[in-house]
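Residue-level listing of the chains:
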Amino acid sequence: MDLEFNIDKISGEILLTLYKSMLRSRLIEEKMLLLLRQGKISKWFSGIGQEAISVGITLALEEDEYILPMHRNLGVFTTRKIPLDKLFSQWQGKLNGFTKARDRSFHFGTNKYHIVGMISHLGPQLGVANGLALSNLLKNENKVTAVFSGEGVTSEGDFHEALNVASIWNLPVLFCIENNGYGLSTPSSAQFNCKDIADKAVGYGMESVIVDGNNIIEVYSTVYKIARDIRKNPRPVLIEFKTIRMRGHEEASGTKYVPKELLEHWASKDSIENFQEFLRVENVLTEEMEVKYKSRIVSEINDNLKKAFDESEVSFDLSSELGDVYKNFHFQKITPGNKTSRIRFIDTISDGLRQAMEKHENLIIMGQDIAEYGGVFKITDGFFKKFGKKRVRNTPVCESSIIETAFGLSIGGQKSVVELQFSDFAATGFNPIVNLLAKSNYRWGQNSDVVLRMPCGAGVGAGPFHSQTNEAWFTKTPGLKVVYPAFPYDAKGLLTTAIEDPNPVLFFEHKQLYRSIYQEVPEDYYTLPFGKASLLSKGEMVTVISYGAGVHWALKIIKEIDIDADIIDLRSLQPLDTETIFASVKKTGRAIILQEDSLFGGIASDISSLIMENCFEYLDAPVKRVASLEMPIPLASALESNYLPQSRFEIELQDLLKY
Ligand SMILES: Cc1ncc(C[n+]2csc(CCOP(=O)(O)OP(=O)(O)O)c2C)c(N)n1
């Protein structure tokens, strides 16, 4: 025996459960490797030799405590007793799987079994775990959340952001790092330059321990004790599990780059064989029992495999595929009383947010400097005092992690609004927006009840990184909703709807409008529907389509040159009100779209195509798009004003009318 087991206070029953759970995972995997060789499944990431980690952690936690595994953690799924037929269907891309054949292998979650699976980008798991842990704390539930990561993932920014947030917020998260020596072909020595990964916790003010990942008793006992402690005294702990990856990154890639002696050394420390021998010596396990367990597991595997293989191949159903991109939301119109006051755009955002906080007790707001300081635009001024530090949360500078946290909160049943200090900074949270928030409902039915507030736009002399209007980064990603009001009344009613809607909404707020545009706005809470443009003026000569600040530029120029135009303020870009656009263009025969963003690939291009495709016979002239120049946004106002499209809009409009 190459491992020593200290079983002080562990019952025989638990010892056998640990053994059987590892065995079950190993036997399933061996069968999968066989099927892979027979070409019956397509890809496999082996966790052979690492079973003690998945199994030990899973059994050390309560069944209703969330675990967020990675691609080598079959033992988490099998130990949580996920029905094997469903698991096999998942791997075969069948309908009975957890993703309705929409995603592969371990890329799924199941709230029934308290498991949240990974996305391919690996690191986001860590931030999602923070969200789940925060959700538990907010609900006063003393639960631990465990999240897995390989040593390779510890190089991702997500890892560092997640540890930092968890430590600052005292979140009861177990960061379980499986240091298996290699990230694909890259050895640990080329991945990080500290002695142990456990050292990384120090910089974040976090405790850490190192565990022999092949020793099931050490894994189970350590995790059990730490979990018990952090349930009472919430805080994160990093556990580094030393182990090895015995097979290729995935089966096809092999292990040529791993020294033979290293594999031999670890083979002698095999987690199952050593434990089995120990249990025999201790008289906990007999040969008969072993044979019985194995044959039971093998027939369970074969029966369930048969079910999965017998299941027919999935067929394409358009309405089901498109129907799952967003979670169903039945808009409820809430009409306000008659009392109004004349307020600025910025005040309506603040009012809408405050009233939504009063209405939804499960709503959390997060962002940089939003608490005591009130946010850089002072939109949340006074919120901290009124709603308290649990619900109004200052965050470190880490957009990615906070957006991942918001997704975790959503799984836990909380709504959240994240204030991006400037919409430009969504760039550092891009991955979780377009891959996690946008795709999870489609992939495994988990909605993202998250609103991202996006102060945006130029005209304020703020240069390339504080002036962008980056809605087009998101309008092209199915699964996201994109709202972009131009008036205070709309801003409030659309913001409250964004918060009611259980889908991820990017809510663009143009900074130049914040303090320059006033309107009579109801004092009460009210909602306005998405996907309904507003027709600001009616005319016969041309249809002018815009949104955000562009609406105000168009209104001004059209008033100056005094023409008779339909002016459409889109209000929301995804969903887009094509009905109003087409009806107007069919009437006027001419369309011009004004967009603040630079031209190529912006929403104006899509609207133009839609008009051509749907209204061609009604057009008296080609559709015009007017937008900013194809360059970054410059600082000085002489440059910025020429970058922006106002001056070109008038010329293009006159041209269109003359055509
Ligand atoms: C953001 C991102 N970059 C690269 C990859 C490709 N990739 C998949 S797994 C992997 C190695 C991960 O290594 P590690 O975290 O040590 O986990 P292990 O596979 O060893 O269990 C890489 C580079 C990816 N999936 N996502």
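The rules behind these values
- Residues numbered from 1 in each chain as written.
- Predicted model: local features only at pLDDT ≥ 70, side-chain atom pairs only at ≥ 80, totals over all residues.
- Heavy atoms only, no water.
- Helix = DSSP H or I, 4+ residues; strand = E, 2+ residues; numbered from the N terminus.
- Contact = heavy atoms within 4.5 Å.
- Axes fitted to C-alpha atoms, helices over the stretch in contact; angles between N-to-C directions.
- Parallel < 35°, antiparallel > 145°, perpendicular 65-115°, else oblique.
- Left-handed = near helix turned anticlockwise from the far one by under 90°.
- Phe/Tyr/Trp six-rings, centres within 6.5 Å; stacked < 30°, edge-to-face > 60°.
- Buried < 20%, exposed > 50% of the residue type's maximum accessible area, 1.4 Å probe, protein only.
- Near = heavy atom within 4 Å.
- Polar contact = N/O pair within 3.5 Å; in protein donor to acceptor, adjacent residues only side chain to side chain.
- Areas by Shrake-Rupley, 256 points an atom, 1.4 Å probe, with all protein chains shown as cover.
- Nonpolar A, V, L, I, M, F, W, Y, C, P; charged D, E, K, R; others polar.
- Pairing = 2+ DSSP bridges.
- Salt bridge = Lys/Arg side-chain N within 4 Å of Asp/Glu carboxyl O.

Some remarks on the environment of Ile-561
Step number 1: Structurally, Ile-561 can be placed in helix α21 (residues 549-561).
Step number 2: Separated by 89 residues in sequence, Ile-561 and Glu-650 have C-alpha atoms that sit 8.5 Å apart.
Step number 3: Beyond its immediate chain neighbours, meaning those up to four positions away, Ile-561 contacts Glu-650, Leu-653 and Gln-654.

Description of the packing of helix α22 (residues 578-588) against helix α23 (residues 603-615)
Axis angle and axis distance: for two packed helices, these are the angle between their axes and the distance between the axes, and together they describe the pair.
Step number 1: Contact geometry for α22 and α23: axes closest at 10 Å, N-to-C directions at 60 degrees. Regarding the angle of α22 to α23, the classification is oblique. Seen from above, α22 lies across α23 with right-handed handedness. On α23, the residues that touch Thr-578, Ile-581, Phe-582, Val-585 and Lys-586 of α22 are Ile-607, Leu-610, Ile-611, Asn-614 and Cys-615.

Quick look at the packing of aromatic side chains
Step number 1: Scanning all chains against the criterion turns up 24 aromatic pairs.
Step number 2: Pairing Phe-430 with Phe-474 gives two aromatic rings, centres 5.8 Å apart and planes at 50 degrees, and the pair type is tilted. Of this pair, Phe-430 sits in helix α16 (residues 430-437) while Phe-474 is found in helix α18 (residues 472-475), placing the two residues 44 residues apart along the sequence.
Step number 3: Residue classification places Phe-430 among the partly exposed positions, given a relative accessible area of 31%.

Topic: the site of the ligand
Step number 1: By nearness alone, 14 residues border the ligand, and His-71, Arg-72, Ser-120, Gly-152 and Tyr-182 come closest of all.
Step number 2: In the model, an oxygen atom of the ligand is placed 3.0 Å from a nitrogen or oxygen of the Val-153 main chain.
Step number 3: The side chain of Asn-180 places a nitrogen or oxygen atom 3.1 Å from an oxygen atom of the ligand.
Step number 4: Alone, the ligand offers 590 Å² of accessible surface; in the complex the protein occludes 68% of this.
Step number 5: Each residue belonging to the shell around the ligand can be placed in one class, and the counts come to four nonpolar, eight polar and two charged.

Regarding the pairing of strand β12 (residues 450-456)
Step number 1: Where burial is concerned, most of β12 is hidden: seven out of the seven residues are buried.
Step number 2: With burial as the criterion, each face of β12 is covered, one bearing Val-450, Leu-452, Met-454 and Cys-456 and the other bearing Val-451, Arg-453 and Pro-455.
Step number 3: Bridging between strand β11 (residues 415-419) and β12 involves four bridges; their strand directions are parallel. Counted as the bridge partner of Val-417 is Val-451 from β12.
Step number 4: Judged from the six bridges that link them, β12 and strand β14 (residues 505-510) form a sheet pairing that is parallel. Looking at β14, one finds that Val-451 is bridged to Val-505.

Here's the deal with the pattern of salt bridges
Step number 1: Tallied over the full model, the rule gives 33 salt bridges.
Step number 2: In this structure, the salt-bridge partner of Asp-103 is Arg-443, at a minimum N-O distance of 2.8 Å. Of this pair, Asp-103 sits in the loop between α4 (84-91) and α5 (124-138) while Arg-443 sits in helix α17 (residues 440-444), and the two are 340 residues apart along the sequence.
Step number 3: A relative accessible area of 8% places Arg-443 in the buried class.
Step number 4: A single network of salt bridges, built from pairs that share partners, joins Lys-100, Arg-102, Glu-321 and Asp-324.

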